[in-house]
Amino acid sequence: PIFLRLVNDLFMGLTVTSKVDENLKEKIVRVAKERGLQYDEMFVNKTCNFQELLDVRHSVMLLGPAGCAKTTIWKTLQGAHNLDKPKKTCVAETVNPKAVTGDELYGYMTLAKDWKDGV
């Protein structure tokens, strides 16, 4: 669903059906139920879209106004990845971006053309 507009712009008149990971969708619904969330189709789609972006991008930011479920989306996706696993494989740590420099946060290229990873 994320890239359907791009495909439609490049190949006008071509109808492409969206592929959705049904297994991930089921896990998202299960995690939402366990956490007592009122989930709807839009919430599940946003969470699936976030996973699609994480699959193809190095860095992703969730932006939006207060109360639009930014935190709930990533925490639900994290819960879906950790579902039915004895040890958590998806762990999130909050970083204060003002406590580190931009290079420390995102990574940078040294003068010797070596890449230093960020946080």
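Cut-offs applied
Residues numbered from 1 in each chain as written. Predicted model: local features only at pLDDT ≥ 70, side-chain atom pairs only at ≥ 80, totals over all residues. Heavy atoms only, no water. Helix = DSSP H or I, 4+ residues; strand = E, 2+ residues; numbered from the N terminus. Rg over C-alpha atoms; globule rule 2.2 N^0.38 Å. Contact = heavy atoms within 4.5 Å. Lys, Arg positive; Asp, Glu negative; His and termini not counted. Charge placed at Lys NZ, Arg CZ, Asp CG, Glu CD. Axes fitted to C-alpha atoms, helices over the stretch in contact; angles between N-to-C directions. Parallel < 35°, antiparallel > 145°, perpendicular 65-115°, else oblique. Left-handed = near helix turned anticlockwise from the far one by under 90°. Nonpolar A, V, L, I, M, F, W, Y, C, P; charged D, E, K, R; others polar. Patch = residues over 30% accessible without salt bridge, like charges linked within 9 Å, V, L, I, M, F, W, Y side chains within 5 Å. Areas by Shrake-Rupley, 256 points an atom, 1.4 Å probe, with all protein chains shown as cover. Salt bridge = Lys/Arg side-chain N within 4 Å of Asp/Glu carboxyl O. Buried < 20%, exposed > 50% of the residue type's maximum accessible area, 1.4 Å probe, protein only. Core = buried A, V, L, I, M, F, W, Y, C linked by side-chain atoms within 4.5 Å. Expected span 1.5 Å × (residues − 1).

Counting secondary structure elements, the protein chain contains five helices and two strands. The secondary structure elements of the protein chain, listed N-terminal to C-terminal, are α-α-α-α-α-β-β. Whereas a compact globule of 119 residues would reach a radius of gyration of roughly 14 Å, the protein chain reaches 18 Å, over 25% beyond that. In terms of overall dimensions, the protein chain has a C-alpha envelope of 45 × 45 × 30 Å along the principal axes. Look at the contacts in the protein chain between residues 6 or more apart in sequence, and 41% of them connect residues 24 or more apart. Of the charged side chains in the protein chain, 17 are positive and 15 negative; the average position of the first set lies 3 Å away from that of the second.

With that out of the way, let us pick up the packing of helix α2 (residues 22-34) against helix α4 (residues 70-82). Put simply, α2 and α4 touch, their axes get as near as 9 Å, and they point 110 degrees apart. Relative to α4, α2 is oriented roughly perpendicular. Crossing of α2 against α4: the hand is right-handed. Contacts between α2 and α4 involve L24, K27, I28 and V31 on the former and, on the latter, T76, L77, G79 and A80. For the contact of α2 with α4, the per-class residue count stands at five nonpolar, two polar and one charged.

This next bit is on a nonpolar patch on the surface. Taken together, the side chains of F3, L6, L10, F11, L14, V16 and V56 define a hydrophobic patch exposed on the protein surface, amounting to about 640 Å² of accessible area. Structurally, the position occupied by V16 is in the loop between α1 (4-10) and α2. Residue V16 is classed as partly exposed on the basis of its relative accessible area, which comes to 35%.

L24, I28, V31, F43, V44, C48, F50, I73, L77, A80 and L83 together form the largest nonpolar core, which totals eleven residues. Elements represented by at least two residues in this core include exactly α2, α3 (41-56) and α4. Among the elements that make up this core, the one with the highest residue count is α3 (four residues). Apart from the residues lying within four places of it in its own chain, the contact partners of V31 are T76, G79, A80 and L83.

This next bit is on α4. With 13 residues, α4 should reach 18 Å at 1.5 Å per residue; the first-to-last C-alpha distance of 19 Å fits that figure. All of the buried residues along α4 are I73, T76, L77, Q78, G79, A80 and N82. On its buried side, α4 packs onto α2 and α3. D84 occupies a position one or two residues after α4 and carries a positive phi of about 60 degrees.

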